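What follows is the residue order along each chain.
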Amino acid sequence: GQQVMQIPQYQHVQEGEDFTTYCNSSTTLSNIQWYKQRPGGHPVFLIQLVKSGEVKKQKRLTFQFGEAKKNSSLHITATQTTDVGTYFCAGRYGNKLVFGAGTILRVKS
Amino acid sequence: EAEVAQSPRYKITEKSQAVAFWCDPISGHATLYWYRQILGQGPELLVQFQDESVVDDSQLPKDRFSAERLKGVDSTLKIQPAELGDSAMYLCASSLERGGQETQYFGPGTRLLVL
């Protein structure tokens, strides 16, 4: 079935270091969304990428969608303690959104 | 800012009992989703409604789970009987557009513990 693989599962960084999480699908996606879930919270929408090769930025966050629309990445520059949480990608196959397992980010101050 | 409402926030039950969760989506949102999130995993879609109709319930364990959205507004998810493996967070989400192409807004979830 449709599946989105996300790596790494967990990353612990020093405040100020960069962070990247990657998502991969075996089949072409209609689009991909990214969500952030704080500890004890619920997923909150960050962004949606639709076009092949698309790159979007939100302050220190950079999102990329691969040329083949099968992979995506989220890069955070100079992490802060407020960045802690789990970052999920969610790939769209037709009308169905399939979530990756998430990457847990911990930031040491 | 409008939010998705869910209740209860927490539920503890014994196995073989029945439990029910309620969701009120953002006003005007046509599409409503129920997800199950096991600790350490991403949300898994259980059922998707468009207005009052089910458009996808392929992952819903229909022998014990049921969901309805009778008037196309709020929705109820029921488990009967509950099993130990049902312990998880149950998330409701809604989106404005039909066809499920839009951003999904999640509620705070109901955390279920089955003893």
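This write-up is about the structure you can find in this document. (Residues numbered from 1 in each chain as written. Chains lettered and ligands numbered in written order. Predicted model: local features only at pLDDT ≥ 70, side-chain atom pairs only at ≥ 80, totals over all residues. Heavy atoms only, no water.)

## Some points on the sheet that holds strand S8 (residues 75-79) of chain B
All names here are of chain B. On the basis of which strands lie adjacent, the open sheet formed by 4 strands has the order S1-S3-S8-S7 and antiparallel pairing. A strand with exactly one partner marks an edge of an open sheet, and here the two such strands are strand S1 (5-7) and strand S7 (65-68). Across the sheet, the mean angle separating the axes of adjacent strands is 15 degrees when strand polarity is ignored. In the sheet, S1 pairs with strand S3 (residues 19-24) via 3 bridges, with the strands oriented antiparallel. Bridge pairing in S3 places glutamine 6 opposite cysteine 23. (Pairing = 2+ DSSP bridges. Helix = DSSP H or I, 4+ residues; strand = E, 2+ residues; numbered from the N terminus. Axes fitted to C-alpha atoms, helices over the stretch in contact; angles between N-to-C directions.)

## Regarding the interface of chain A and chain B
Taken together, the 17 residues of chain A in the interface contact 21 residues of chain B. For the pair chain A and chain B, the summed buried surface comes to about 1,400 Å²; carbon and sulfur atoms form 48% of the total. Counting every contact that joins chain A to chain B gives 1 salt bridge. With a closest N to O distance of 3.8 Å, B:Asp56 and A:Lys96 form a salt bridge. Joining chain A to chain B, the criterion identifies 3 residue pairs in polar contact (both at pLDDT 80 or more). Elements supplying a minimum of two residues to the side of chain A that touches chain B: strand S4 (31-37), strand S5 (44-49), strand S9 (85-93) and strand S10 (96-99) of chain A. Among the elements that take part in the side of chain A that touches chain B, S4(A) stands out by supplying 4 residues, more than any other. Across the side of chain A that touches chain B, the residue classes tally to 7 nonpolar, 8 polar and 2 charged. (Contact = heavy atoms within 4.5 Å. Buried area = accessible area lost by both parts, 1.4 Å probe. Salt bridge = Lys/Arg side-chain N within 4 Å of Asp/Glu carboxyl O. Polar contact = N/O pair within 3.5 Å; in protein donor to acceptor, adjacent residues only side chain to side chain. Nonpolar A, V, L, I, M, F, W, Y, C, P; charged D, E, K, R; others polar.)

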